[in-house]
Amino acid sequence: MRDLVTGMSYLAKGQRWVGRNRRQWGFGLLPGLITLVGYAAALTVLVLRADDVVDWATPFADGWGSPWLGLFRGALTALFFGGCLLLALLSFTAVTLLVGQPFYEALSERVDLTEGGSAPSSGLPLWRELWISARESLAVLVRAALWGVLFFALGFVPFVGQTVVPAIGFCVSGFFLTEELTAVALQRRRVALKERLELLRSRKLLVLGFGVPLTLLFLLPLVAVFVMPGAVAGATLLARDLMGETGDDDEPDAGGAEVVSAPPASEW
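**Q** Would you take a moment to explain a nonpolar patch on the surface for this structure?
**A** Taken together, Trp147, Leu150, Leu154, Val157, Phe159, Val160, Val164 and Ile168 make up a surface patch of nonpolar side chains, about 670 Å² in accessible area. Those elements that provide at least two residues to the nonpolar patch are α5 (126–154) and α6 (164–188). With three residues, the single largest contributor to the nonpolar patch is α5. As for its placement among the helices and strands, Trp147 is situated in helix α5.

**Q** I would appreciate a short explanation of the side chain of Asp112 in the present structure.
**A** Assignment of secondary structure puts Asp112 in helix α4 (residues 101–116). Asp112 sits in the buried class, given a relative accessible area of 0%. Within polar-contact distance, the side chain of Asp112 engages the side chain of Arg188 at 2.5 Å.

**Q** Please explain helix α7 (residues 193–202) as it appears in this structure.
**A** Here α7 has its buried residues at Leu193, Arg196, Leu197, Leu199 and Leu200. In an axial view of α7, the angular spread of the buried residues amounts to 160°, which keeps them on one side of the axis. Away from its buried face, by an angle of more than 90 degrees, α7 presents the exposed residues Lys194 and Ser202.

**Q** Looking at this structure, I do not really get the environment of Val149. What am I missing?
**A** With respect to the secondary-structure elements, Val149 resides in helix α5. Placed 69 residues apart in sequence, Val149 and Phe80 show a C-alpha to C-alpha distance of 9.9 Å.

**Q** In this structure, what is going on with the environment of Cys84? I would like to understand it.
**A** Along the chain, Cys84 turns up in helix α3 (residues 68–99). Along the primary structure Cys84 and Leu46 are separated by 38 residues, whereas in three dimensions their C-alpha atoms are 8.7 Å apart.

**Q** Would you explain unusual backbone geometry in this entry?
**A** In terms of backbone geometry, most residues other than glycine have negative phi values and most peptide bonds are trans. With phi around 55°, Arg190 is a residue other than glycine that occupies positive phi space. Mapped onto the secondary structure, Arg190 falls in the loop between α6 and α7.

Procedures and definitions
Residues numbered from 1 in each chain as written. Predicted model: local features only at pLDDT ≥ 70, side-chain atom pairs only at ≥ 80, totals over all residues. Heavy atoms only, no water. Patch = residues over 30% accessible without salt bridge, like charges linked within 9 Å, V, L, I, M, F, W, Y side chains within 5 Å. Areas by Shrake-Rupley, 256 points an atom, 1.4 Å probe, with all protein chains shown as cover. Salt bridge = Lys/Arg side-chain N within 4 Å of Asp/Glu carboxyl O. Helix = DSSP H or I, 4+ residues; strand = E, 2+ residues; numbered from the N terminus. Buried < 20%, exposed > 50% of the residue type's maximum accessible area, 1.4 Å probe, protein only. Polar contact = N/O pair within 3.5 Å; in protein donor to acceptor, adjacent residues only side chain to side chain. Arc of directions from axis to C-beta.

Shown next as structure tokens:
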């Protein structure tokens, strides 16, 4: 339970960090605002066309009488829209991080500098970092989508589908959301996706303590935009915890903060 509370504390510490560094917070808002506009347009179209999609996918129910046809397709429409919202929640973070890669990289580096006096660097050009980030984000989204399909199917199970399944869904969403956010700091340390997932699984309560409350906050689109910079800062603190970095051994030299490059990794 201690890890669970610690994970929540990193979320709060991240928000406090950007509160003390307003300029970083302001720059961090721009990618979220750009992404939000695009997602709002897509979800608006989805709301208008969801009924048509469900009707097209269930031609076998055309001959059903009332009220069964309406109840069946209404339930499917709700589940379809809920699944799309879950996918949007997960992909929103990935897309925002990709759009705002330079902004969030700088923010994460500043957190490292203030906490430990040094900021690890991948040593890769920006285009290479963007390619790796996009590739690994896609792999995470595929995993999340498979979970989404499973939860969609389990949603038809009476009682369990309306109680247990949503609770598990929030936990899974929180896990993948934390992975996306900690990737900003861990990619600079050249920790590949496979190793990142292993790190997160080794401290599940820590990850859920950070990710589940953030998932609930991200259900409100405008809140997600304003919380994102602090979430990146908090995820950097969490990443330092996962890597066992206390900051005590990384003192800056007399000329300023030392930037330490991570050793090469074959996956990169």
